[in-house]
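# A look at the structure
So the chains spell out like this:
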Number of protein chains: 2
Amino acid sequence: MDEFSFIEAIKQPFYRNQQIIRGIGDDAAVFREPYRDVVTAVDTFVEGVHFSRKTMEPFHVGYRILAANLSDMAAMGAEPISYLVAIVVPSSWSDNELKEVYRGLATIAKKYKVDLIGGDTVIGAQFVLTVTINGAVERGKARYRHQMQANDLIFVTGTLGDSAAGLSILLDNKRTNSVETSYLINRHRMPTPRVPFAREMARLRCVALNDISDGISSEANELAQASGLTVYLDENQIPISKALAQFPIGDQQMFKLSGGEDFELLGSIAPSEWDKLKEVAQKSATQLTQIGFVKDESERNGKVFIKSDGDYYRLLEPNGYVHRS
Amino acid sequence: MDEFSFIEAIKQPFYRNQQIIRGIGDDAAVFREPYRDVVTAVDTFVEGVHFSRKTMEPFHVGYRILAANLSDMAAMGAEPISYLVAIVVPSSWSDNELKEVYRGLATIAKKYKVDLIGGDTVIGAQFVLTVTINGAVERGKARYRHQMQANDLIFVTGTLGDSAAGLSILLDNKRTNSVETSYLINRHRMPTPRVPFAREMARLRCVALNDISDGISSEANELAQASGLTVYLDENQIPISKALAQFPIGDQQMFKLSGGEDFELLGSIAPSEWDKLKEVAQKSATQLTQIGFVKDESERNGKVFIKSDGDYYRLLEPNGYVHRS
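Residues numbered from 1 in each chain as written. Chains lettered and ligands numbered in written order. Predicted model: local features only at pLDDT ≥ 70, side-chain atom pairs only at ≥ 80, totals over all residues. Heavy atoms only, no water.

Chain A has the name Thiamine-monophosphate kinase in an unreviewed UniProt entry, where Amphibacillus marinus is given as its organism. Here is the UniProt Pathway (unreviewed entry) comment for chain A, exactly as written: "Cofactor biosynthesis; thiamine diphosphate biosynthesis; thiamine diphosphate from thiamine phosphate: step 1/1." (UniProt positions renumbered as here; feature names shortened; annotations may be inferred.)

Shown next as C-alpha cells:
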C-alpha cells in the first residue's frame with residue numbers, strides 16, 4: 001500500500017467539528033477558533049520503550065496514545081478538537097497491523113468526538129507513534145499548575161494504581177481472578193481520559209489540574225513547585241479499585257503512589273467551591289475523592305508531605321519514596 | 001542530563017508572539033487566535049531514511065525540518081506562530097549533538113519569529129525528529145490546491161533542482177567549483193521557506209499554492225488533480241541556478257523536474273492579478289517566474305503536460321518522466 005492509498009484509507013468521511021475548514025489533503029490543516037484559547041500538546045510512543053508486543057496489541061497502541069493526549073487536554077480544562085499523527089513504521093509491521101493502530105486511534109477519537117486532520121507516515125527501523133492534539137478552552141479558563149492556592153483542597157478522580165497493576169500482570173503473569181485481571185489490563189491498555197469531567201468543570205473558577213501520567217508523587221510535586229506552596233496528602237484517602245485491593249499491601253502502595261499512566265486528574269480547588277466540584281463529578285459520572293490540602297508554609301513550600309502510619313513524611317518524586325528523616 | 005534539566009536548557013527566555021499564553025511547562029501549550037484561521041501540520045525526519053550523518057550535521061537536521069514545516073505554512077498562505085518538537089534519541093547520540101539539533105531549530109525559529117511551545121523527548125533505537133507547526137491566516141484566506149482556476153498562470157518562486165544537486169554532491173562527491181558546491185549543499189541543508197512571500201500575498205485574491213517538497217512533477221499533478229483542471233508547463237521556463245547550470249544537461253533536467261525538497265512555492269493566479277503578484281515578489285525579495293498556464297479541457301483535466309523540444313508531452317509523477325506516446 002503506497003502512502004497515497006493509505007491516506008485515502010484512513011481519511012474520515014466527514015469531520016465532527018464545524019470549525020475544521022480543511023483536514024487531510026492539503027499542505028496543512030485549518031481550523032477556526034474565534035472566541036476560545038487554542039491548546040496543543042504532543043506525545044510520542046516508542047516500541048520497546050513505552051510498550052512491547054507482549055503488553056499491547058497494535059489496536060491498543062493507537063488507543064492509548066490518543067487517550068494520553070486527550071488526558072492532557074482534560075488537564076488543561078480544554079475541549080479536544082483534532083489531532084495529527086506522525087508514524088514511523090518498520091517493514092516488519094504489516095499493513096493490517098498498521099490499520100489496527102489507526103482503528104485504535106479512530107475508536108477513541110469517535111468516543112471523544114475528535115478529528116484526525118493531518119499526519120506523516122514514514123518507514124524506519126523502530127515503531128514510533130507521535131500524536132499532536134489541539135483543543136480549545138474559553139478565554140482565560142485554562143487550568144494551570146501554578147493556579148493552586150493556599151488552603152485549597154487536593155482531589156483526585158477515579159482510582160490510582162490500576163494501570164501499573166495491569167502492566168505488572170502482563171509482564172509477570174501475576175493474576176488474581178479473571179474478572180479483576182481483565183479490568184486491570186484494560187485500565188493499562190485503554191485508559192479513560194477525564195474529558196467529560198473537564199468539560200463540566202468549565203463553570204468553576206480557579207482550579208489547578210495535572211493529569212497523572214507519571215505517578216501521583218511526581219504530579220503532586222509539580223503542583224507544589226509550580227505554585228510555590230506545600231501539599232499534604234493522606235495515603236489512606238488515595239482511592240484504589242477493588243481489583244487493586246487484591247494485591248499484597250506493598251504492591252498496592254507502590255502502584256498507587258508511583259505507578260502512573262492512570263490518566264486520572266489531580267487538582268486543587270478552594271473549599272468554598274467543593275460542593276460545585278461534587279456536582280461536576282456527579283454530572284460527568286466521575287469518582288471524586290479529597291486526598292489532601294494545600295498550605296503556605298515558607299520552609300516547606302514546593303514540597304509534598306504524605307500522612308502514612310499517622311505521621312506526615314516528605315513524599316519524594318518520582319518513585320513515591322517516603323523520606324522519614 | 002535528565003529530561004527536566006534538558007527542558008530547562010532548551011526553554012526560551014521569552015515568547016515572540018503575544019498570543020502565546022502558556023508554552024513549555026504545563027500539560028499543554030495555549031495560544032489565542034481571535035480573528036484568524038489556525039493552520040497546523042506535522043513532519044517527521046528519520047535518520048537513515050531522510051538524512052544520514054554523511055549529508056547532515058545535527059544542526060542541519062533541526063534547521064531543515066523546521067524549514068520544511070515553515071514551508072507548509074507558506075504554502076497555505078499562513079503566518080507561522082509556534083512549534084512542538086517530539087524527538088526520539090538513541091543512546092549513541094551525545095548531549096551535545098542533541099543540543100545542536102535544538103540550536104538548528106532555534107536558529108531558523110528566530111529568523112522566522114516562531115516559538116517553541118512544547119514537546120516530548122524519549123530514548124529509542126533510531127533518531128526520529130517530529131515537528132508540529134501552528135500558524136494562522138486571515139479568515140478564509142488560506143491557499144488551497146483546489147482553488148486553481150481555468151486560464152490561471154502557473155508560477156514558481158526561486159530556482160528548482162538545487163537541493164537535489166546539493167544532495168548528489170554530498171552523496172557522490174560530484175563537484176563543480178567550490179563556491180557553487182557550497183551554495184548547492186546549503187540549499188539542501190538549509191532551505192529557505194517562502195514565508196515573507198506568503199505574508200505579502202495576503203492582499204491578493206484567489207491563489208492556489210503548493211510547496212515543492214516532492215519535485216515539481218508531483219506537485220503540479222497534485223494541483224491538477226485537486227482542481228480537476230489541466231496544467232501546461234514549459235520546461236525551458238523552469239528557473240535553475242547558475243550553480244545547477246554547471247551540471248550535465250541530463251542531471252539538470254532530472255534535478256529540476258523531480259528533485260524536490262527545494263521548498264519553493266508552485267502556484268496559480270488569475271492573469272489579471274499577475275502584476276500584483278510581481279509586486280509581492282519584489283517586496284519580499286523573491287524570484288518569481290511564470291512557467292505555464294491552466295486550461296479546462298475535459299479529456300486532459302487532472303493531468304500535467306510539459307513542453308519539451310517544442311511539443312507538449314504528458315508529465316508523469318513522481319519522477320518527472322515524460323510520456324511521449
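Back to the write-up after that little detour.
This part takes up the domain arrangement of chain A. Residues and elements named next belong to chain A. Each assigned domain of chain A is listed with its residue range as follows: domain 1 (3-138) and domain 2 (145-323). Its C-alpha centre places domain 1 at a distance of 26 Å from the equivalent point of domain 2. Each partner contributes residues to the interface: domain 1 has 19 residues there, and domain 2 has 20 residues. Buried surface at the junction of domain 1 and domain 2, both sides included, amounts to about 1,900 Å², of which 60% is carbon and sulfur. Linking domain 1 with domain 2 are 2 salt bridges, by the criterion used here. We note a salt bridge from Arg199 to Glu79, for which the minimum N-O separation is 2.9 Å. At the surface where domain 1 touches domain 2, the tally comes to 6 residue pairs in polar contact (both at pLDDT 80 or more). At the level of elements, helix 2 (58-75) and strand 4 (79-89) are the ones that each hand at least two residues to the side of domain 1 that touches domain 2. The element that contributes the greatest number of residues to the side of domain 1 that touches domain 2 is helix 2, accounting for 11 residues. A class-by-class count of the residues in the side of domain 1 that touches domain 2 yields 11 nonpolar, 4 polar and 4 charged. (Domains from an automatic or database assignment. Contact = heavy atoms within 4.5 Å. Buried area = accessible area lost by both parts, 1.4 Å probe. Salt bridge = Lys/Arg side-chain N within 4 Å of Asp/Glu carboxyl O. Polar contact = N/O pair within 3.5 Å; in protein donor to acceptor, adjacent residues only side chain to side chain. Helix = DSSP H or I, 4+ residues; strand = E, 2+ residues; numbered from the N terminus. Nonpolar A, V, L, I, M, F, W, Y, C, P; charged D, E, K, R; others polar.)

If you trace the 6 strands from one edge of the open sheet to the other, you get 5(A)-4(A)-6(A)-3(A)-2(B)-1(B), paired in mixed fashion. With partners counted over all chains shown, the strands left at the sheet margins are strand 5 (115-123) of chain A together with strand 1 (20-22) of chain B, one partner each. The sheet shows a mean angle of 20° between the axes of neighbouring strands, direction not considered. Looking at chain direction, strand 4 of chain A and strand 5 of chain A are connected through 8 bridges and run parallel. What sits directly across from Ile87 of chain A, in strand 5 of chain A, is Thr121 of chain A. Along the sheet face, helix 2 of chain A touches strand 3 (36-46), strand 4 and strand 6 (128-138) of chain A and points at about 145° away from the line of strand 3 of chain A. (Pairing = 2+ DSSP bridges. Axes fitted to C-alpha atoms, helices over the stretch in contact; angles between N-to-C directions.)

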